[in-house]
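Understanding the architecture of this molecule
Chain residues, written in single-letter form:
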Amino acid sequence: MIRVLIADDQEAVRRGVRRILAAQPDIEVVGEAADGLAALELAAELRPDVALVDIRMPRLDGLEVTRRLSGAVRVVVLTTFDLDEYVYPALRHGASGFLLKRSGPSLLAEAVRAAADGESLISPSVTVRLLKHVTAPRRSARPAAGAPVVALTEREVEIAGHVAAGRTNADIAAELFISPGTVKTHVASIQRKLGVANRVGIAVHAWEMGYPVP
């Protein structure tokens, strides 16, 4: 079972999300929080696999909750607000997904499963903007003056590009004729070298550095 914590200041939203997830045979809602600080406290107490976190909450907003939970709990940001000022900080803070509340029950359950599996799922409308960012003219792959040099191997750069294209380990393995286990090992190595919490962090790095994105 995938253990989920819901953090949203609106009781009706929490109730609706709980009802959707309760209908899934492999997902269990273990707790609810009405504000950001309560979400952190419950996450420490309950140790969920995934936290669904709203952006605008009392006491502590969802972006800060995401940052503090990064590396300990996989976070899917669930929000009404489809704004770049929320999307990019959330992904940089380590969110494993960014989902709009209007996305529907099936996408919500899919996002929880993806996060639990170490993958990422982003709402289609947000993905379109991210893809525009990917395909727009990007800066040189050379880091800015004074920035630390991250030494990725040629294969790791290739895999980072595939991750930035939204491909799963299985997709990458099939494309590069290697095993999913080998891809997983490379992805873990890339995360460690970059100091990022998940695949979204790899994607952001690949986009910023101008790695080839298939």
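Residues numbered from 1 in each chain as written. Predicted model: local features only at pLDDT ≥ 70, side-chain atom pairs only at ≥ 80, totals over all residues. Heavy atoms only, no water.

**Points about helix α10 (residues 199-209)**
As a reminder, the rule being used: For every residue, the accessible area (1.4 Å probe, protein chains only) is compared with the maximum for its type, and the residue is labelled buried under 20%, exposed over 50%, or partly exposed between those bounds. For the purposes of this entry, the term helix denotes a DSSP run of H or I that reaches at least four residues, the term strand denotes a run of E that reaches at least two, and both are numbered from the N terminus.
Most of α10 sits inside the fold, with 10 of its 11 residues counted as buried. Inspection of α10 places Arg199, Val200, Gly201, Ile202, Ala203, Val204, His205, Ala206, Trp207 and Met209 among the buried residues, and these make up the whole buried set. Just past α10, the residue Gly210 takes up positive phi, approximately 75°.

**Describing the pairing of strand β5 (residues 97-100)**
Operational definition: We call two strands paired when DSSP finds no fewer than two bridges between them.
Side-chain alternation along β5 places Gly97 and Leu99 on one buried face and Phe98 and Leu100 on a second face that is also buried. Bridging between strand β4 (residues 74-79) and β5 involves four bridges; their strand directions are parallel. The partner of Val77 across the bridge, within β5, is Phe98. Judged from the two bridges that link them, β5 and strand β6 (residues 121-122) form a sheet pairing that is parallel. Across the sheet, Gly97 pairs through a bridge with Leu121, a residue of β6.

**Observations concerning the packing of helix α7 (residues 154-164) against α10**
The cut-off we apply is this: In this description, a line fitted to the C-alpha atoms serves as the axis of each element, helices being fitted only across the stretch in contact, and the angle between N-to-C directions of two axes falls anywhere from 0 to 180 degrees. Angular relationships are summarised with four words: roughly parallel below 35 degrees, roughly antiparallel beyond 145, roughly perpendicular across 65 to 115, and oblique for the angles in between. The contact criterion used throughout is that any non-hydrogen atoms of two residues lie within 4.5 Å. Residue classes follow a fixed rule: Ala, Val, Leu, Ile, Met, Phe, Trp, Tyr, Cys and Pro count as nonpolar, while Asp, Glu, Lys and Arg count as charged, and any other residue, Gly among them, counts as polar.
Relative to each other, α7 and α10 sit at 105°, their axes nearing to 8 Å. The orientation of α7 with respect to α10, classified from their angle, is roughly perpendicular. Contacts between α7 and α10 involve Ala160, Val163 and Ala164 on the former and, on the latter, Arg199, Ile202, Ala203, Ala206 and Trp207. Residue composition of the contact of α7 with α10, grouped by class: seven nonpolar, no polar and one charged.

**Considering the side chain of Gln24**
Condition: Distance and chemistry together define a polar contact, namely a pair of N or O atoms within 3.5 Å, with one atom able to donate a hydrogen and the other to accept it when in protein, and with adjacent residues in sequence counting only for side-chain atoms on both sides.
Assignment of secondary structure puts Gln24 in the loop between α1 (11-22) and β2 (27-33). One polar contact links the side chain of Gln24 to the main-chain carbonyl oxygen of Ile20, over a distance of 3.5 Å. Polar side-chain contacts of Gln24 include one of 2.8 Å to the side chain of Arg113. Look past the residues within four positions of Gln24 in its chain and what remains in contact with it is Ala109 and Arg113.

**As for the nonpolar core**
The following threshold applies: Only buried residues count toward a nonpolar core, which is a set of Ala, Val, Leu, Ile, Met, Phe, Trp, Tyr and Cys residues joined through side-chain atoms within 4.5 Å.
Residues Val65, Leu69 and Phe98 are the most contacted members of the largest nonpolar core, which totals 47 residues. In terms of residues, this core owes the most to one element, α10, which gives seven residues.

**Digging into the environment of Lys193**
Inspection of the secondary structure puts Lys193 in helix α9 (residues 180-194). Taking the relative accessible area as the measure of exposure, Lys193 reaches 35% and is therefore partly exposed. Setting aside residues up to four positions removed in sequence, Lys193 forms contacts with Val150, Ala151, Leu152, Thr153 and Glu156.

**Here's the deal with the confidence of the model for the chain**
Stated precisely, the cut-off is as follows: The score called pLDDT rates the predictor's confidence residue by residue, from a low of 0 to a high of 100.
Averaged over all residues, the pLDDT of the chain equals 84, while 85% of them reach at least 70. In the model of the chain, helix α6 (residues 124-135) stands out as the element of lowest mean pLDDT, 53, in contrast to strand β1 (residues 2-7), which has the highest, 98. Contacts for the low-pLDDT stretch residues 137-141, under 50 throughout, to residues beyond four places or in other chains number 12 contacts.

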